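# Examining the three-dimensional arrangement
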Amino acid sequence: MVIVGGGPAGLAAAAELRRRQVGRVLVLEREGEPGGIPRDCHHAGFGWPDLKRMMSGPAYARGCAARARAAGAEIWTESSATRWRGARTLQVTSPHGLFDVSGRAVLLATGCRERPRAARLVPGTRPAGVLTTGALQRIVHGARERAGRRAVVVGAEHVSYSAVHTLTASGTEVAAMITDLPRHQTYGPLAWLAAGRHGIPLLAQSELTRISGKGRVDGVEVTHRTTGATQSIACDTVVFTGDWIPDHELARAGGLAMDPGTRGPRVDASYRTSGPGVFAAGNLLHGAETAGIAALEGRASAAGIARFLADGAGWGAPVVPLSVTRPLVWISPNALGLPEAAPVDHPFVLRVAEFLRDETVDVRQGARILHRERFRALVPNRSIRLRGGWTRAVVADGGPVLISTASRPREGEAR
Amino acid sequence: MAAPFDVAVIGAGVVGAAVARALSAFDLRTVLIEAGPDVGTGTSKANTAILHTGFDAAPGSMEARLVARGYALMSAYAAEVGIPVEQTGACLVAWNEDEVVQLPVIEEKAAANGCRGLRRLSGDELYAMEPHLGPGARAGLLIPGEGIVCPFTAPLAMATEAVVNGVELRLDSRVTSMESDGSIHVLGCGPDPIAARYVVNAAGLQADTIEGLFGRHRFRVRPRRGELIVYDKMARRLLSHVLLPVPTKTTKGVLVAPTVFGNVLLGPTATDVDDKEDRSTTREGLEYVLAKGGRVLPALVNEEVTATYAGLRAATESSDYQIHFDPVLRYLCLGGIRSTGLSASLGIAEHAVELLAGPLPMTLKRDRKKVRMPPVGEGMVRAYEDASLIARDPEYGRIVCHCERVTAGEIRDALRSPVPARGLEGLRRRTRCLQGRCQGFYCLGGLVSLVARETGRPAAAFLEALA
């Protein structure tokens, strides 16, 4: 078994596969240390969903690697999967050489990244001092440098507040946070801490429309989305946070079917991609969920992988796609391979584009309503978990499964 | 002051670097003076990276002659020193009847320029060659010789060859004054003035300023800004040729082109600006090229963008190059090299040597050192896939920039090369690090630490330098 990516999802899958008696489990990790993004997140808040304990990112990362190793998985660091050489064979570049690695099954767990400034098409000059949260955390905690004197943070979701924490703790003042949505999308206490304790204004319904400065950033222009009013903010650092995109290049290079909503590979509830013997799990499927959710997916994927390794079956059966309509943005997993070999006991992950209160989410196939679930609050950029269970009512010839909100079932276009 | 140089070349862009390289073949004392912190930091670094045949240049012009000659020289030179070049060919696409009738005119022009092998394409042939083209393409013209080239490696290779063959490279030296006694020119550029018997003006956007120092005012540089968008490697499968629009009287238009790094380039705009340093992108500019790109290759706009940038072409009131030699003044002007400089550079340099060789005695050196640039093009075997190289030195197996697959060994080499990288920006152009889709999300911190360790300088110095 070859696992590409030694972050929370890949390591959790490795540990669980070994627990299920899979003989040889190899994790390819391109960095010098396994653990994934939590390695650089020097704050608390990791471990609750999967371990029911709270700990810091680095401690969580070390724990993930230690459990995989203790279970008997091999972890090769500084080992990059650089090319497909067969359906389940990868070329690996490492200081130990250039070689091929084959598995009877492959799990892609390559994670995600934040969209940088260029991908968001923010105009202006190209000065130094424009970062993502990922780059910021590696500079502050890896290279032990202060990012700048005064920063503007683009985004107001969990990771944005993580960036604020990193900035303020390392001596950079945060001039403002900017979100295009009407309000922040994180937990109340985190937003309170930023606004109340650090006095950081949140500019809602606003966009960063220009970066200026030669050599180093000297300011940004912010435009209100509805009024069109602009304001200038002086700063020497801009941190783009969130707006996650799966690191899907290896998946696409392997010709796997992709989901247009998540931009990750399409998987069924057993985490099977369209490629026989190729599975995918974690934030590669949908951009950033918390490390704990990614780890739970990794662990859940091990069941299907172990079954496949035991009987080699599972591909060639009908695949029913799951589609969402606005204001839902995507669902993951986003297909069902029928029959799913086991009941789907883990939840699905959903995203919405706008704030909704007391909303019901419907799952239908044709005219049949398979599942209804009521949510007190749905928040964009936040994980929403839809219970499983209804999947056994899905039939192969009943057309696509549609997930929508009850108040606007047919609004917007189907994805 | 030190003994005068035989020749001072002002400007280490692709044209100045090519001239310095050409002069380094002779037993001359040559200095290459650059205002910026590195070779190729002006117009040379921000362009469309096309290797032009010159098929659409004005027949009989200096540009037509030197692009055609430069194209032939560059094709050979690139193979010799390892500059990434791919002869992809270009498809000129006509989208309406007015454009279709232009195609034979362009064909005739190409013939007049000595460019051969062009072929008319029906709509069906066009879609067979480029199946992702948007709907409505009527006909096309295939120019098989057109290609793409690495705009970073080309001037670096030339400057490196010049330096290893004895040319002195002075960076961070903006020429601000000139005094002359009739035989020796003294150029003021910071604390150490430079004396030289001959001066070559290859100052690009500042060519008119240097002209002024020599009492000449033959042209004025009015920068023409071009905004471009670079798409990620997943977009590369969408096209196999450079896709050109039918040019109008005023502009060559927005093209879509593969790059030698395996990306796709969309642009440029063409806006006259006053500020010679205003390389900012604009909302209108980016929206304009997006709209054009969406028509040519609809699938392109759903792909991820890895960079947006703006370059400034050194346009003048004339459409042709401004090449003037004053033997009495001992001054050679290579100005107004707009957007074809990369393709024409070696032709321009050859022409410059011919002009200088009249009054300036020069003999070829007996032995010249050759250079070989590190393989950064997608069409080459790169370090991370070179098994024997990794076996010899494991640092070539240690990938430090994952998106572009740049290894620690390549970073080290670039910091120690004859024209070394002095910061992350220089490393980016030499190795591709930080050019990729994550723009430093994963690798910036590690790279900063690595470079600080290699150079013994504090990490903060490199963060400031990154642009």
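Residues numbered from 1 in each chain as written. Chains lettered and ligands numbered in written order. Predicted model: local features only at pLDDT ≥ 70, side-chain atom pairs only at ≥ 80, totals over all residues. Heavy atoms only, no water.

## Here's the deal with the interface of chain B and chain A
Selection rule: Should any heavy atoms of two residues lie within 4.5 Å, those residues are counted as being in contact. Reported buried area values correspond to the accessible surface (1.4 Å probe) lost by two parts on association, with both partners' losses combined. Any carboxyl oxygen of Asp or Glu that lies within 4 Å of a side-chain nitrogen of Lys or Arg is treated as forming a salt bridge with it. Two N or O atoms count as a polar contact when they lie within 3.5 Å, although within protein this holds only if one can serve as hydrogen donor and the other as acceptor, and sequence-adjacent residues are included solely when both atoms are side-chain atoms. Secondary structure elements follow DSSP: runs of H or I of four or more residues count as helices, runs of E of two or more count as strands, with numbering from the N terminus.
With 49 residues of chain B at the interface, the matching set in chain A holds 50 residues. Here chain B and chain A share an interface that buries about 4,200 Å² over both sides, 54% of which is from carbon and sulfur atoms. Among the residues chain B hides against chain A, the three largest losses belong to Glu304, Phe441 and Tyr442 of chain B. Together they make up 19% of the total. At the surface where chain B touches chain A, the tally comes to seven salt bridges. A salt bridge links Glu303 of chain B to Arg252 of chain A, with the nearest nitrogen and oxygen atoms 2.9 Å apart. Linking chain B with chain A are 20 residue pairs in polar contact (both at pLDDT 80 or more). At the level of secondary structure, the elements contributing two or more residues to the side of chain B that touches chain A comprise helix 8 (283-296), strand 18 (305-313), helix 10 (387-392), helix 13 (444-455) and helix 14 (459-465) of chain B. Per element, the largest residue contribution to the side of chain B that touches chain A is five residues, and it comes from strand 18 of chain B.

## So, the sheet that holds strand 11 (residues 173-178) of chain A
Residues and elements named next belong to chain A. What counts here: By definition, two strands form a pair when at least two bridges between them are found by DSSP. In this analysis an axis means a line fitted to C-alpha atoms, helices contributing only their contacting stretch, and an angle means the value between N-to-C directions, from 0 to 180 degrees.
Spatially, five strands are ordered 9-16-10-11-12 in an open sheet, and the strand pairing comes out parallel. The open sheet is flanked by strand 9 (130-132) and strand 12 (202-203), the only strands paired with a single partner. Here helix 4 (residues 133-142) sits on the sheet and contacts strand 9 and strand 16 (237-240); the angle it forms with strand 9, its principal contact strand, is near 95°. The sheet contacts of helix 5 (residues 158-169) involve strand 10 (150-154), strand 11, strand 12 and strand 16, and relative to strand 11 the element is tilted by about 170°.

## Quick look at the sheet that holds strand 4 (residues 80-86) of chain A
Residue and element names in this part refer to chain A. Spatial strand order, 4-5-6: three strands in an open sheet with antiparallel pairing. The sheet terminates laterally at strand 4 and strand 6 (97-102), the two strands that pair on one side only. The sheet shows a mean angle of 30° between the axes of neighbouring strands, taken without regard to direction. Two elements, strand 4 and strand 5 (residues 89-94), share five bridges in a ladder whose sense is antiparallel. Within the sheet, the bridge partner assigned to Arg83 lies in strand 5 and is Gln91.

## Re the packing of helix 1 (residues 8-19) of chain A against helix 3 (residues 57-70) of chain A
Residues and elements named next belong to chain A. Going by this rule: Roughly parallel here means an angle under 35 degrees, roughly antiparallel means over 145, roughly perpendicular means 65 to 115, and every remaining angle is called oblique. Note on convention: the crossing is left-handed when the near helix lies turned anticlockwise from the far helix by less than a right angle, right-handed when the turn is clockwise. Think of it as three bins: nonpolar holds Ala, Val, Leu, Ile, Met, Phe, Trp, Tyr, Cys and Pro, charged holds Asp, Glu, Lys and Arg, and polar takes everything else, Gly as well.
Two elements in contact, helix 1 and helix 3, have axes whose closest approach is 8 Å; the angle formed by their N-to-C orientations is 30°. As summarised for this structure, helix 1 and helix 3 are arranged roughly parallel, according to the angle between their axes. Pair helix 1 / helix 3 crosses with left-handed handedness. The residues of helix 3 that touch helix 1, namely those facing Pro8, Leu11, Ala14 and Ala15, are Tyr60, Cys64, Ala65, Arg67 and Ala68. A breakdown of the residues in the contact of helix 1 with helix 3 according to their chemical character gives eight nonpolar, no polar and one charged.

## Structural notes on the domain arrangement of chain B
Residues and elements named next belong to chain B. Spelled out, the test is: Domain ranges listed in this record stem from an automatic or a database domain assignment.
Each assigned domain of chain B is listed here: domain 1 (1-85 + 148-220 + 317-378), domain 2 (90-144 + 222-313) and domain 3 (383-465). The C-alpha-based centres of domain 1 and domain 2 are spaced at 28 Å. On the domain 1 side of the interface with domain 2, the three residues burying the most area are Phe55, Ile148 and Leu205, jointly 28% of the side's total. Applying the counting rule to domain 1 against domain 2 returns three salt bridges. Here Arg174 makes a salt bridge to Glu277, at a shortest N to O gap of 4.0 Å. For the side of domain 1 that touches domain 2, the residue count by class is 15 nonpolar, 13 polar and six charged.

## As for the domain arrangement of chain A
By a frequent convention, interface size equals the accessible area lost on bringing the separate parts together. Residue and element names in this part refer to chain A. Taken as a whole, chain A is organised into domain 1 (1-113 + 244-316), domain 2 (116-242) and domain 3 (318-415). Summarising the inter-unit geometry, the C-alpha centres of domain 1 and domain 3 are found 25 Å apart. With 22 residues of domain 1 at the contact, the number on the domain 3 side is 22 residues. Buried surface at the junction of domain 1 and domain 3, both sides included, amounts to about 1,600 Å², of which 52% is carbon and sulfur. On the domain 1 side of the contact with domain 3, Arg266, Ala269 and Glu289 bury the most area, a combined 27% of that side's loss. The interface formed by domain 1 and domain 3 contains one salt bridge. A salt bridge links Glu289 to Arg351; its shortest N-O distance comes to 2.8 Å. Counting the contacts that link domain 1 with domain 3 gives six residue pairs in polar contact (both at pLDDT 80 or more). Among the residues making up the side of domain 1 that touches domain 3, the classes are represented as 10 nonpolar, five polar and seven charged.

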